[in-house]
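Report on the structure
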Amino acid sequence: MKGLNDTVREYVRLVEGARKRGEEIIEVLTEVLKPFIPDVCFTLGWDDSGTDVICLWSNTYMSRTEGVSLLDILREELGELAPYIDCLTSICVPEEIASKVRKALQEVVTHS
């Protein structure tokens, strides 16, 4: 049986590893989305989300209700990452941008 100190050390190591991977995912998503949504921003966690959730926002498309939900696109294209992505407010983009974002994400997912 592991002692508490060993368990705590393992927990800290895993949390730090998850944070590092989250930052790597944010880097890729930012690179993919910036050409279409120049002010897109990401953080690990937010007020209502733990540090295991990648949060995004865009001042340009924030709180829009017309168009295609960027969160829905990300969740559809990134599969198992879906429960770990959230938006601070609704972000809807025009259909033209949505299709470009979807295509760019598919390329990244396919070639990784």
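Structure: see above.
Conventions used here
- Residues numbered from 1 in each chain as written.
- Predicted model: local features only at pLDDT ≥ 70, side-chain atom pairs only at ≥ 80, totals over all residues.
- Heavy atoms only, no water.
- Pairing = 2+ DSSP bridges.
- Helix = DSSP H or I, 4+ residues; strand = E, 2+ residues; numbered from the N terminus.
- Axes fitted to C-alpha atoms, helices over the stretch in contact; angles between N-to-C directions.
- Salt bridge = Lys/Arg side-chain N within 4 Å of Asp/Glu carboxyl O.
- Buried < 20%, exposed > 50% of the residue type's maximum accessible area, 1.4 Å probe, protein only.

**A short note on the sheet that holds strand β1 (residues 41-46)**
In space, the 3 strands of this open sheet follow the order β1-β2-β4, with mixed pairing throughout. Only two strands of the sheet have a single partner each, and these edge strands are β1 and β4 (85-87). Sheet twist, expressed as the average angle between the axes of neighbouring strands with direction ignored, equals 40 degrees. Where strand β2 (residues 49-57) meets β4, 3 bridges bridge the pair, whose relative direction is parallel.

**Re the pattern of salt bridges**
Under the counting rule described, the total for this entry stands at 5 salt bridges. Ionic pairing is found between Glu 76 and Arg 102, a salt bridge with its closest N-O pair at 2.8 Å. Taken together, the positions of Glu 76 in helix α2 (residues 70-77) and Arg 102 in helix α3 (residues 95-110) put the pair 26 residues apart, joining distant regions of the chain. For Arg 102, a relative accessible area of 25% gives the class partly exposed. Ionic pairing is found between Glu 96 and Lys 100, a salt bridge with its closest N-O pair at 3.4 Å. Of this pair, Glu 96 and Lys 100 both sit in helix α3, 4 residues apart, roughly one helical turn.

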